[in-house]
Amino acid sequence: MGKDGRDIASLVCARLKSGGRVTVLTGAGISAESGLATFRDMGGLWEQYRVEELASPEGFARNPALVYDFYNLRRAQLNSIEPNSGHLALATLERQVGDGFSLITQNVDDLHERAGSRQPLHMHGELRKARCQACASVLNWPDDLDAKSQCSACGSHALRPHIVWFGEMPFHMEERIPASLTAEVFLSIGTSGHVYPAAGFVAEARQQGALTIEVNLEPSANSEAFDAALYGPAGEILPPLVDAIMAGLSE
Ligand code: BJW
């Protein structure tokens with residue numbers, strides 16, 4: 001790891017040693033090295049599909065079969081991929097920091113859990129869950145979902161992907177996310193900074209006194225809100241960064 005990385009690790013350690021907490025926000029970039037397409041990069045999902053048809057309540061009302069298929073394909077894809085070294089490094093950091101660690105993810109995949117993260121806050125939902133529009137039950141749903149799928153709680157056929165679409169309120173916005181934005185260190189990984197409210201978290205965390213750090217291939221849309229940045233693939237940057245933080249904490 002270069003000097004920038006070591007300097008950033010020292011700054012993080014200084015905050016954590018005096019009882020600080022760390023909050024991590026992840027986006028599609030952290031799962032890219034596992035083989036999942038991002039949204040806005042070249043070749044990303046929104047280049048291949050029309051966002052308003054697939055990720056909005058109006059699109060689902062217009063053409064549910066198309067939306068079910070899109071998420072069925074992505075759900076099936078989860079069976080053939082694995083967490084990468086970036087996910088694993090974050091799980092290691094979580095074990096070291098303990099209760100002072102929070103992970104907010106915009107990702108709907110389950111790679112953080114499979115890497116060992118205990119309770120990531122999935123603010124945009126989860127691919128492997130379905131939600132009943134009749135009784136609001138959230139069900140584990142590992143297989144294909146369609147208009148004939150039945151809710152095991154109420155028997156209705158009103159299941160939809162458990163995904164937050166544009167115009168819908170993300171999850172955990174009332175308590176857990178606001179509480180985590182008071183942490184002393186805020187680390188943002190692999191997110192373009194285009195989608196709110198997540199794109200506003202860094203400014204909020206910084207305003208509350210956090211040291212803010214970005215890991216991305218390139219500066220994100222809100223890069224001015226970060227105190228420090230490391231540019232490159234998360235799977236290459238995070239393992240040595242976490243190692244340096246762990247070494248600093250044990251000194
Ligand atoms: C790597 C890498 C590697 C690549 N290593 N890095 C006008 C102004 C402001 C806001 C709005 C507005 N009009 C409407 C809004 C609100 C709207 C919004 O933000 N729209 C903007 C697009 C303008 N937001 C909403 O509607 C949200 N709800 C809402 O606001 O409710 C009201 C409210 C909330 C709170 C308080 C009060 C009111 C809901 C947003 C739902 C987003 N849903 C999606 C799709 C569903 C999930 C799915 O199908 O999978 O979520 S959209 C899509 O974008 C997905 C993602 O989670 C989200 C963020 O994308 P992400 O993760 O940043 O991915 P990319 O592709 O954009 O970026 C990848 C990055 O990784 C890049 O930077 C690469 O460089 C990097 N990278 N490889 C490191 N190896």
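Computed from a prediction, not measured in an experiment: that's the story for all the values here.

Observations concerning the site of the ligand
Here comes step 1: Surrounding the ligand, one finds 36 residues, the nearest of these being Arg40, Arg74, Ser192, Tyr196 and Asn216.
Here comes step 2: One of the side-chain nitrogen or oxygen atoms of Arg74 is found 2.5 Å away from an oxygen atom of the ligand.
Here comes step 3: When isolated, the ligand has an accessible area of 1,500 Å², and the protein chains bury 77% of it.
Here comes step 4: At a threshold of 2 Å from the grid points, most atoms of the ligand map onto the largest pocket.

Description of the layout of surface pockets
Here comes step 1: As a volume, the largest pocket reaches approximately 1,000 Å³.
Here comes step 2: Counting only elements with at least two residues in the lining of the largest pocket, the list comes to α2 (28–32), α3 (45–48), α6 (64–77) and β8 (211–216).
Here comes step 3: Counting residues per element, the lining of the largest pocket draws most heavily on α2, which supplies four residues.
Here comes step 4: In the lining of the largest pocket, the residues fall into 26 nonpolar, 17 polar and seven charged.
Here comes step 5: Both domain 1 (3–35 + 82–124 + 170–250) and domain 2 (37–80 + 125–163) contribute no fewer than three residues apiece to the lining of the largest pocket.
Here comes step 6: Taken as a whole, the second largest pocket spans an internal volume of roughly 270 Å³.
Here comes step 7: Along the walls of the second largest pocket sit 13 residues, with Phe101, Ser102, Leu103, Gln119 and Arg176 positioned nearest its centre.
Here comes step 8: Those elements that provide at least two residues to the lining of the second largest pocket are β2 (101–105) and α9 (176–180).
Here comes step 9: Here the residues of the lining of the second largest pocket are counted per class, giving five nonpolar, four polar and four charged.

A closer look at the pattern of salt bridges
Here comes step 1: Per the counting criterion, the structure on display carries nine salt bridges.
Here comes step 2: For the salt bridge of Arg114 with Asp110, the shortest nitrogen-to-oxygen distance reads 3.0 Å.
Here comes step 3: For Arg114, a relative accessible area of 33% gives the class partly exposed.
Here comes step 4: Overall, the relative accessible area of 15% leaves Asp110 in the buried class.
Here comes step 5: Residue Glu126 is joined to Lys129 by a salt bridge in which the shortest nitrogen-to-oxygen separation is 3.2 Å.
Here comes step 6: Within this structure, Glu82, Asp110, Arg114 and Arg128 form a network of salt bridges that share partners.

Focus: the environment of Glu113
Here comes step 1: For Glu113, the position within the fold is in helix α8 (residues 111–115).
Here comes step 2: Residues Glu113 and Pro83, 30 residues apart in the sequence, show an inter-C-alpha distance of 8.9 Å.
Here comes step 3: What Glu113 contacts, discounting residues up to four positions off in sequence, is Pro120, His122 and Glu126.
Here comes step 4: A polar side-chain atom of Glu113 sits 2.7 Å from a polar atom in the side chain of His122.

Here's the deal with the domain arrangement of the chain
Quite often, the size of an interface is put as the accessible area lost when its parts meet.
Here comes step 1: With domains assigned, the chain is organised as domain 1 (3–35 + 82–124 + 170–250) and domain 2 (37–80 + 125–163).
Here comes step 2: On a C-alpha basis, the centroid separation for the pair domain 1 and domain 2 is 27 Å.
Here comes step 3: Carbon and sulfur atoms make up 55% of the surface buried where domain 1 meets domain 2, a total of about 1,200 Å² over both sides.
Here comes step 4: Among the residues of domain 1 in contact with domain 2, Ala28, Val108 and Phe171 are the three that bury the most area, contributing 37% of the side total.
Here comes step 5: The interface formed by domain 1 and domain 2 includes one salt bridge.
Here comes step 6: One salt bridge connects Asp110 with Arg128, and the closest N-O pair in it is separated by 2.5 Å.
Here comes step 7: Inspection of the region where domain 1 meets domain 2 yields four residue pairs in polar contact (both at pLDDT 80 or more).
Here comes step 8: For the side of domain 1 that touches domain 2, the elements supplying multiple residues, two or more each, are α2 and α8.
Here comes step 9: Counting residues per element, the side of domain 1 that touches domain 2 draws most heavily on α2, which supplies three residues.
Here comes step 10: Within the side of domain 1 that touches domain 2, the residues separate by chemical class into six nonpolar, seven polar and four charged.

Rules and cut-offs
- Residues numbered from 1 in each chain as written.
- Predicted model: local features only at pLDDT ≥ 70, side-chain atom pairs only at ≥ 80, totals over all residues.
- Heavy atoms only, no water.
- Near = heavy atom within 4 Å.
- Polar contact = N/O pair within 3.5 Å; in protein donor to acceptor, adjacent residues only side chain to side chain.
- Areas by Shrake-Rupley, 256 points an atom, 1.4 Å probe, with all protein chains shown as cover.
- 1 Å grid on protein atoms, 1.4 Å probe; cavity = no way out; pocket = protein on both sides within 12 Å on 5 of 7 lines; lining within 4 Å.
- Sits in = over half its atoms within 2 Å of the grid points.
- Points joined across faces, edges and corners; volume = space filled by probe spheres on them.
- Helix = DSSP H or I, 4+ residues; strand = E, 2+ residues; numbered from the N terminus.
- Nonpolar A, V, L, I, M, F, W, Y, C, P; charged D, E, K, R; others polar.
- Domains from an automatic or database assignment.
- Salt bridge = Lys/Arg side-chain N within 4 Å of Asp/Glu carboxyl O.
- Buried < 20%, exposed > 50% of the residue type's maximum accessible area, 1.4 Å probe, protein only.
- Contact = heavy atoms within 4.5 Å.
- Buried area = accessible area lost by both parts, 1.4 Å probe.

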